[in-house]
Amino acid sequence: MVTIVGGGIAGSVLAGALARHGEQVTLYEQQPAGPGAGAFLFIDGRGHNALTTLGVSEAELHEASCPLVELQYRNSAGFSGGRPSAGHRFWMRRALMKILTDFVDTSGAELHYGHPITDVSRNGSGCILHQGDQAITVDDLIIGADGIDSVVRTRLEPDRVPVYAGDVVLYGMTTAPLDLPTDPAVLHFFAETAPDNSSFSTLGHIWRPGDDNALWFLRIAREPLTDGDDLGLRPVDEWADAVLETTPSNQELAQAFIENTDVVHVSNARNVPLDNAAEPTTPALLIGDADHAITPAAGVGARDALEDVLAVYQALATGESPSAAMAQRRKQITTEREQVQRAMRRN
(Lines give C-alpha, C1' and ligand atoms only; values in the text may rest on other atoms or scores of the structure.)
Protein backbone atom coordinates (compact mmCIF):
# COMPACT_ATOMS: atom_id res chain seq x y z
CA MET A 1 0.00 0.00 0.00
CA VAL A 2 1.18 3.52 -0.81
CA THR A 3 -0.20 6.69 0.77
CA ILE A 4 0.44 9.91 -1.13
CA VAL A 5 0.11 13.33 0.49
CA GLY A 6 -0.50 15.98 -2.17
CA GLY A 7 -2.59 15.79 -5.32
CA GLY A 8 -0.79 18.26 -7.54
CA ILE A 9 1.12 17.33 -10.68
CA ALA A 10 3.47 14.79 -9.08
CA GLY A 11 1.03 13.27 -6.60
CA SER A 12 -1.77 12.82 -9.12
CA VAL A 13 0.27 11.13 -11.82
CA LEU A 14 2.06 8.87 -9.31
CA ALA A 15 -1.22 7.80 -7.68
CA GLY A 16 -2.81 7.14 -11.06
CA ALA A 17 0.14 5.17 -12.42
CA LEU A 18 0.58 3.02 -9.29
CA ALA A 19 -3.15 2.26 -9.01
CA ARG A 20 -3.29 1.25 -12.67
CA HIS A 21 -0.36 -1.09 -12.00
CA GLY A 22 -2.41 -2.79 -9.28
CA GLU A 23 -0.98 -1.06 -6.22
CA GLN A 24 -3.33 -0.08 -3.41
CA VAL A 25 -3.07 3.71 -3.29
CA THR A 26 -4.61 6.36 -1.04
CA LEU A 27 -4.27 10.03 -1.95
CA TYR A 28 -4.89 13.01 0.33
CA GLU A 29 -5.20 16.49 -1.19
CA GLN A 30 -6.10 19.62 0.75
CA GLN A 31 -7.88 21.32 -2.17
CA PRO A 32 -11.35 20.29 -3.41
CA ALA A 33 -11.57 17.95 -6.38
CA GLY A 34 -11.00 19.56 -9.77
CA PRO A 35 -8.15 21.03 -11.80
CA GLY A 36 -8.04 24.29 -9.82
CA ALA A 37 -6.41 27.43 -11.14
CA GLY A 38 -2.75 28.41 -11.22
CA ALA A 39 -0.54 30.20 -13.70
CA PHE A 40 1.28 28.72 -16.68
CA LEU A 41 4.32 26.51 -17.03
CA PHE A 42 6.67 24.93 -19.55
CA ILE A 43 7.62 21.25 -19.67
CA ASP A 44 10.36 19.91 -21.91
CA GLY A 45 10.50 16.66 -23.84
CA ARG A 46 11.95 14.73 -20.91
CA GLY A 47 9.00 15.71 -18.73
CA HIS A 48 6.47 14.72 -21.39
CA ASN A 49 8.29 11.43 -21.94
CA ALA A 50 7.91 10.70 -18.23
CA LEU A 51 4.17 11.43 -18.43
CA THR A 52 3.57 9.11 -21.38
CA THR A 53 5.75 6.35 -19.90
CA LEU A 54 3.57 6.53 -16.79
CA GLY A 55 0.49 5.99 -18.93
CA VAL A 56 -0.88 9.47 -19.60
CA SER A 57 -2.29 9.80 -23.11
CA GLU A 58 0.12 11.55 -25.48
CA ALA A 59 -2.79 12.61 -27.69
CA GLU A 60 -4.51 14.31 -24.76
CA LEU A 61 -1.27 15.99 -23.72
CA HIS A 62 -0.66 17.38 -27.19
CA GLU A 63 -4.24 18.52 -27.64
CA ALA A 64 -4.20 20.54 -24.41
CA SER A 65 -0.77 22.17 -24.77
CA CYS A 66 1.20 24.18 -27.34
CA PRO A 67 4.63 23.32 -28.74
CA LEU A 68 7.44 25.86 -28.56
CA VAL A 69 9.70 26.54 -31.52
CA GLU A 70 12.59 28.15 -29.69
CA LEU A 71 13.82 29.76 -26.49
CA GLN A 72 15.40 33.20 -27.05
CA TYR A 73 17.42 35.32 -24.61
CA ARG A 74 18.56 38.94 -24.86
CA ASN A 75 19.85 41.43 -22.33
CA SER A 76 20.30 45.18 -22.13
CA ALA A 77 24.07 44.84 -22.53
CA GLY A 78 23.57 43.65 -26.10
CA PHE A 79 24.00 39.91 -25.68
CA SER A 80 21.55 37.67 -27.51
CA GLY A 81 21.25 33.94 -27.94
CA GLY A 82 18.78 31.16 -28.40
CA ARG A 83 18.32 27.44 -28.66
CA PRO A 84 15.78 25.23 -30.36
CA SER A 85 13.00 23.77 -28.28
CA ALA A 86 13.90 20.42 -26.70
CA GLY A 87 10.35 19.16 -26.91
CA HIS A 88 9.13 22.08 -24.78
CA ARG A 89 5.41 22.63 -24.61
CA PHE A 90 3.51 25.49 -23.04
CA TRP A 91 0.78 24.68 -20.51
CA MET A 92 -1.90 26.46 -18.60
CA ARG A 93 -1.59 24.66 -15.29
CA ARG A 94 -5.33 24.03 -15.00
CA ALA A 95 -5.31 22.27 -18.41
CA LEU A 96 -2.54 19.90 -17.30
CA MET A 97 -4.25 19.27 -13.96
CA LYS A 98 -7.53 18.48 -15.73
CA ILE A 99 -5.80 15.65 -17.60
CA LEU A 100 -4.00 14.37 -14.49
CA THR A 101 -7.12 14.62 -12.33
CA ASP A 102 -9.02 12.50 -14.85
CA PHE A 103 -6.06 10.10 -14.96
CA VAL A 104 -6.15 9.46 -11.22
CA ASP A 105 -9.97 9.59 -10.96
CA THR A 106 -10.27 6.58 -13.29
CA SER A 107 -7.35 4.62 -11.83
CA GLY A 108 -9.00 2.97 -8.84
CA ALA A 109 -6.99 4.93 -6.28
CA GLU A 110 -8.76 5.91 -3.06
CA LEU A 111 -9.06 9.68 -3.22
CA HIS A 112 -9.63 12.15 -0.38
CA TYR A 113 -9.94 15.68 -1.76
CA GLY A 114 -10.53 18.58 0.59
CA HIS A 115 -8.78 16.64 3.36
CA PRO A 116 -5.57 18.45 4.38
CA ILE A 117 -2.95 16.53 6.32
CA THR A 118 -2.08 18.90 9.15
CA ASP A 119 0.70 16.96 10.84
CA VAL A 120 2.88 13.87 10.48
CA SER A 121 4.58 11.97 13.28
CA ARG A 122 6.70 8.84 13.51
CA ASN A 123 5.15 5.68 14.90
CA GLY A 124 7.80 2.98 15.20
CA SER A 125 8.36 1.67 11.69
CA GLY A 126 5.44 3.68 10.32
CA CYS A 127 3.89 7.12 10.56
CA ILE A 128 0.73 8.77 11.80
CA LEU A 129 -1.05 11.27 9.58
CA HIS A 130 -3.14 13.86 11.36
CA GLN A 131 -6.26 15.57 10.01
CA GLY A 132 -7.15 17.95 12.77
CA ASP A 133 -8.20 15.71 15.66
CA GLN A 134 -8.22 12.55 13.55
CA ALA A 135 -5.14 10.29 13.49
CA ILE A 136 -4.49 7.84 10.64
CA THR A 137 -1.85 5.18 11.25
CA VAL A 138 0.09 4.22 8.12
CA ASP A 139 2.43 1.25 8.35
CA ASP A 140 3.43 1.25 4.68
CA LEU A 141 5.07 3.80 2.42
CA ILE A 142 4.12 7.48 2.61
CA ILE A 143 5.15 9.78 -0.22
CA GLY A 144 5.13 13.50 0.40
CA ALA A 145 4.24 15.24 -2.86
CA ASP A 146 2.76 18.26 -1.11
CA GLY A 147 4.82 21.04 -2.63
CA ILE A 148 7.27 23.64 -1.45
CA ASP A 149 5.47 24.15 1.87
CA SER A 150 5.32 20.39 2.45
CA VAL A 151 3.84 19.34 5.78
CA VAL A 152 5.62 16.00 5.46
CA ARG A 153 9.04 17.64 5.08
CA THR A 154 8.32 20.24 7.75
CA ARG A 155 7.50 17.58 10.32
CA LEU A 156 10.19 15.03 9.41
CA GLU A 157 13.01 17.46 8.47
CA PRO A 158 12.18 20.63 10.42
CA ASP A 159 15.58 22.23 9.69
CA ARG A 160 15.08 22.08 5.92
CA VAL A 161 12.93 25.07 5.10
CA PRO A 162 12.30 27.01 1.86
CA VAL A 163 14.70 29.89 1.27
CA TYR A 164 14.10 33.10 -0.65
CA ALA A 165 15.78 32.92 -4.06
CA GLY A 166 16.25 36.69 -4.44
CA ASP A 167 13.40 37.49 -6.83
CA VAL A 168 9.77 38.49 -6.67
CA VAL A 169 7.90 36.97 -9.64
CA LEU A 170 4.83 38.36 -11.41
CA TYR A 171 2.70 36.32 -13.82
CA GLY A 172 0.24 38.05 -16.13
CA MET A 173 -2.15 37.26 -18.97
CA THR A 174 -3.41 39.88 -21.38
CA THR A 175 -7.13 40.18 -22.00
CA ALA A 176 -6.86 41.07 -25.68
CA PRO A 177 -4.72 40.05 -28.66
CA LEU A 178 -1.59 42.17 -29.05
CA ASP A 179 0.48 43.04 -32.10
CA LEU A 180 3.86 42.16 -30.59
CA PRO A 181 7.24 42.80 -32.27
CA THR A 182 8.53 39.34 -31.33
CA ASP A 183 8.36 35.87 -32.86
CA PRO A 184 5.32 33.71 -32.05
CA ALA A 185 5.55 30.29 -30.36
CA VAL A 186 8.88 31.34 -28.86
CA LEU A 187 9.66 31.74 -25.18
CA HIS A 188 11.32 35.16 -24.95
CA PHE A 189 13.53 36.37 -22.09
CA PHE A 190 14.89 39.91 -21.80
CA ALA A 191 17.20 40.68 -18.87
CA GLU A 192 18.08 44.12 -17.56
CA THR A 193 21.73 44.09 -16.51
CA ALA A 194 23.53 46.18 -13.90
CA PRO A 195 27.07 47.58 -14.36
CA ASP A 196 28.52 44.43 -12.77
CA ASN A 197 26.68 42.39 -15.47
CA SER A 198 24.21 40.90 -13.00
CA SER A 199 20.52 40.88 -13.89
CA PHE A 200 18.15 42.98 -11.79
CA SER A 201 15.05 41.94 -13.73
CA THR A 202 13.97 39.54 -16.47
CA LEU A 203 10.84 40.04 -18.55
CA GLY A 204 9.56 36.95 -20.34
CA HIS A 205 6.62 36.31 -22.63
CA ILE A 206 5.07 33.99 -25.18
CA TRP A 207 2.24 34.43 -27.69
CA ARG A 208 0.70 32.57 -30.62
CA PRO A 209 -1.16 33.91 -33.68
CA GLY A 210 -4.89 33.68 -33.21
CA ASP A 211 -4.72 33.51 -29.41
CA ASP A 212 -6.62 36.10 -27.44
CA ASN A 213 -3.98 36.19 -24.73
CA ALA A 214 -0.26 36.75 -24.44
CA LEU A 215 1.38 35.31 -21.32
CA TRP A 216 4.11 37.24 -19.57
CA PHE A 217 6.15 37.17 -16.40
CA LEU A 218 8.64 39.41 -14.66
CA ARG A 219 11.35 38.51 -12.16
CA ILE A 220 12.51 41.42 -10.01
CA ALA A 221 15.61 41.14 -7.83
CA ARG A 222 14.65 42.75 -4.53
CA GLU A 223 13.89 42.08 -0.88
CA PRO A 224 11.17 39.46 -0.35
CA LEU A 225 7.58 40.45 0.09
CA THR A 226 6.11 39.96 3.54
CA ASP A 227 2.67 38.66 4.47
CA GLY A 228 1.38 42.20 4.54
CA ASP A 229 2.25 42.66 0.89
CA ASP A 230 -0.66 40.45 -0.21
CA LEU A 231 0.98 37.68 -2.16
CA GLY A 232 -1.34 36.13 -4.71
CA LEU A 233 -3.61 37.75 -7.28
CA ARG A 234 -3.34 41.54 -7.26
CA PRO A 235 -4.66 44.31 -9.55
CA VAL A 236 -2.00 45.07 -12.13
CA ASP A 237 -2.22 48.80 -11.30
CA GLU A 238 -0.60 48.08 -7.92
CA TRP A 239 2.49 46.81 -9.71
CA ALA A 240 2.54 48.99 -12.83
CA ASP A 241 5.17 51.41 -11.49
CA ALA A 242 7.44 48.59 -10.35
CA VAL A 243 7.15 46.85 -13.72
CA LEU A 244 8.12 50.01 -15.63
CA GLU A 245 10.91 50.95 -13.22
CA THR A 246 12.58 47.55 -13.62
CA THR A 247 12.27 47.32 -17.42
CA PRO A 248 13.98 50.55 -18.59
CA SER A 249 15.20 48.99 -21.87
CA ASN A 250 11.86 47.42 -22.72
CA GLN A 251 9.31 50.11 -21.91
CA GLU A 252 7.08 49.69 -24.96
CA LEU A 253 6.58 45.98 -24.41
CA ALA A 254 6.13 46.33 -20.65
CA GLN A 255 3.59 49.14 -21.14
CA ALA A 256 1.61 47.01 -23.61
CA PHE A 257 1.40 44.19 -21.10
CA ILE A 258 0.31 46.50 -18.27
CA GLU A 259 -2.38 48.21 -20.36
CA ASN A 260 -3.89 44.90 -21.44
CA THR A 261 -3.70 42.94 -18.18
CA ASP A 262 -6.18 43.10 -15.31
CA VAL A 263 -4.47 41.12 -12.55
CA VAL A 264 -1.06 39.61 -11.87
CA HIS A 265 -0.08 36.72 -9.64
CA VAL A 266 2.70 37.84 -7.28
CA SER A 267 4.99 35.53 -5.32
CA ASN A 268 8.40 35.25 -3.71
CA ALA A 269 10.63 32.86 -5.67
CA ARG A 270 11.84 30.19 -3.27
CA ASN A 271 14.07 27.13 -3.31
CA VAL A 272 14.23 24.06 -1.08
CA PRO A 273 17.92 23.25 -0.57
CA LEU A 274 19.32 19.74 -0.85
CA ASP A 275 22.64 20.37 0.89
CA ASN A 276 21.24 19.65 4.35
CA ALA A 277 18.72 16.99 3.33
CA ALA A 278 18.39 13.72 5.20
CA GLU A 279 19.00 10.57 3.18
CA PRO A 280 15.84 9.30 1.47
CA THR A 281 14.47 6.50 3.63
CA THR A 282 11.20 4.74 4.20
CA PRO A 283 8.60 4.92 5.61
CA ALA A 284 8.30 8.49 4.27
CA LEU A 285 9.80 9.80 1.04
CA LEU A 286 9.68 13.26 -0.50
CA ILE A 287 9.38 13.93 -4.23
CA GLY A 288 9.16 17.00 -6.45
CA ASP A 289 8.94 20.44 -4.88
CA ALA A 290 8.51 18.90 -1.43
CA ASP A 291 12.08 17.65 -1.70
CA HIS A 292 14.02 19.93 -4.04
CA ALA A 293 11.95 22.90 -5.21
CA ILE A 294 13.76 25.35 -7.43
CA THR A 295 12.62 28.81 -8.46
CA PRO A 296 10.36 28.77 -11.54
CA ALA A 297 13.00 30.87 -13.31
CA ALA A 298 14.96 27.66 -13.88
CA GLY A 299 12.08 26.21 -15.88
CA VAL A 300 12.68 22.59 -14.90
CA GLY A 301 10.67 22.15 -11.69
CA ALA A 302 7.79 20.25 -13.27
CA ARG A 303 10.19 18.12 -15.33
CA ASP A 304 12.21 17.24 -12.22
CA ALA A 305 9.04 16.29 -10.33
CA LEU A 306 7.80 14.07 -13.17
CA GLU A 307 11.14 12.30 -13.42
CA ASP A 308 10.99 11.72 -9.64
CA VAL A 309 7.59 10.13 -10.13
CA LEU A 310 8.86 7.89 -12.92
CA ALA A 311 11.87 6.75 -10.86
CA VAL A 312 9.77 5.94 -7.78
CA TYR A 313 7.06 4.25 -9.86
CA GLN A 314 9.56 2.04 -11.67
CA ALA A 315 11.23 1.08 -8.39
CA LEU A 316 7.93 0.08 -6.78
CA ALA A 317 6.69 -1.70 -9.91
CA THR A 318 9.84 -3.84 -10.10
CA GLY A 319 10.32 -4.48 -6.38
CA GLU A 320 13.35 -2.21 -6.12
CA SER A 321 14.01 0.38 -3.42
CA PRO A 322 12.15 3.69 -3.89
CA SER A 323 14.60 5.26 -1.41
CA ALA A 324 17.54 4.30 -3.61
CA ALA A 325 15.67 5.64 -6.63
CA MET A 326 15.23 9.03 -4.97
CA ALA A 327 18.86 9.09 -3.81
CA GLN A 328 19.90 8.61 -7.43
CA ARG A 329 17.47 11.29 -8.57
CA ARG A 330 19.03 13.77 -6.15
CA LYS A 331 22.48 13.06 -7.59
CA GLN A 332 21.19 13.62 -11.11
CA ILE A 333 19.41 16.84 -10.17
CA THR A 334 22.48 18.21 -8.34
CA THR A 335 24.77 17.35 -11.26
CA GLU A 336 22.49 18.99 -13.82
CA ARG A 337 22.08 22.14 -11.73
CA GLU A 338 25.86 22.43 -11.36
CA GLN A 339 26.26 22.08 -15.13
CA VAL A 340 23.75 24.89 -15.69
CA GLN A 341 25.56 27.13 -13.19
CA ARG A 342 28.90 26.54 -14.89
CA ALA A 343 27.40 27.36 -18.28
CA MET A 344 25.87 30.57 -16.91
CA ARG A 345 29.22 31.64 -15.44
CA ARG A 346 30.95 31.02 -18.79
CA ASN A 347 28.35 33.12 -20.58
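For the structure itself, look to the data block above.
The shown structure was predicted, so the numbers you read here are calculated from the model rather than taken from an experiment.

Caption draft 1: Spatial organisation of the sheet that holds strand S13 (residues 163-174). Taken together, eight strands build an open sheet; the order of strands is S6-S5-S14-S15-S16-S13-S18-S17 and the sheet is mixed. At either margin of the open sheet sits one strand with a lone partner, and together these are strand S6 (80-84) and strand S17 (232-235). For this sheet the average axis-to-axis angle between neighbouring strands, irrespective of direction, equals 20 degrees. Looking at chain direction, strand S5 (residues 70-75) and strand S14 (residues 186-193) are connected through six bridges and run parallel.

Caption draft 2: Focus on the environment of arginine 83. If you trace the backbone, arginine 83 turns up in strand S6. Of the residues examined, arginine 83 reaches a relative accessible area of 44% and is grouped as partly exposed. Considering only alpha carbons, one finds arginine 83 and tyrosine 73, ten residues apart in sequence, at a separation of 8.9 Å. Among residues more than four places away in sequence, those in contact with arginine 83 are Glu70, Leu71 and His88.

Caption draft 3: Spatial organisation of the side chain of histidine 205. By secondary structure assignment, the location of histidine 205 is in strand S15 (residues 199-206). Only 2.8 Å separates the side chain of histidine 205 from the side chain of threonine 182, close enough to count as a polar contact. With sequence-adjacent residues up to four places away left out, histidine 205 is seen in contact with Leu180, Thr182, Val186, Leu187, His188, Leu215, Trp216, Phe217, Leu253 and Phe257.

Caption draft 4: Summary view of the packing of aromatic side chains. All chains considered together, the criterion is met by seven aromatic pairs. Taking 5.5 Å as the distance between ring centres and 50 degrees as the angle between the ring planes, the aromatic pair formed by phenylalanine 42 and phenylalanine 90 counts as tilted. Within this pair, whereas phenylalanine 42 is found in strand S3 (residues 40-43), its partner phenylalanine 90 is found in strand S7 (residues 89-92), the two being separated by 48 residues in sequence. Of the two residues examined, phenylalanine 42 and phenylalanine 90, each falls in the buried class. With a centroid separation of 5.5 Å and an interplanar angle of 5 degrees, the aromatic rings of tryptophan 216 and phenylalanine 257 are classed as stacked.

Caption draft 5: Region of the structure containing the nonpolar core. Membership of the largest hydrophobic core comes to 41 residues, with the highest contact counts inside it found for Ile4, Val13, Leu14, Leu96 and Ile287. Elements represented by at least two residues in this core include exactly strand S1 (2-5), helix H1 (9-20), strand S2 (25-29), S3, helix H2 (45-53), helix H4 (93-105), strand S12 (141-144) and helix H9 (301-317). Looking at this core element by element, the count peaks at eight residues for H1. Discounting residues that sit within four places of it in the chain, leucine 96 has contacts with Ile9, Leu41, Ile43, Leu51, Leu61 and Trp91. Ranked by size, the runner-up nonpolar core spans 20 residues in total, among them Leu180, Leu218, Ile220 and Leu225.

Caption draft 6: Here's a closer look at the side chain of threonine 182. Tracing the sequence through the fold places threonine 182 in the loop between S13 and S14. Take threonine 182: its relative accessible area is 18%, and that puts it in the buried class. Excluding its chain neighbours within four sequence positions, the residues that come into contact with threonine 182 are His188, His205 and Trp207.

What counts as what
Residues numbered from 1 in each chain as written. Predicted model: local features only at pLDDT ≥ 70, side-chain atom pairs only at ≥ 80, totals over all residues. Heavy atoms only, no water. Pairing = 2+ DSSP bridges. Helix = DSSP H or I, 4+ residues; strand = E, 2+ residues; numbered from the N terminus. Axes fitted to C-alpha atoms, helices over the stretch in contact; angles between N-to-C directions. Buried < 20%, exposed > 50% of the residue type's maximum accessible area, 1.4 Å probe, protein only. Contact = heavy atoms within 4.5 Å. Polar contact = N/O pair within 3.5 Å; in protein donor to acceptor, adjacent residues only side chain to side chain. Phe/Tyr/Trp six-rings, centres within 6.5 Å; stacked < 30°, edge-to-face > 60°. Core = buried A, V, L, I, M, F, W, Y, C linked by side-chain atoms within 4.5 Å.

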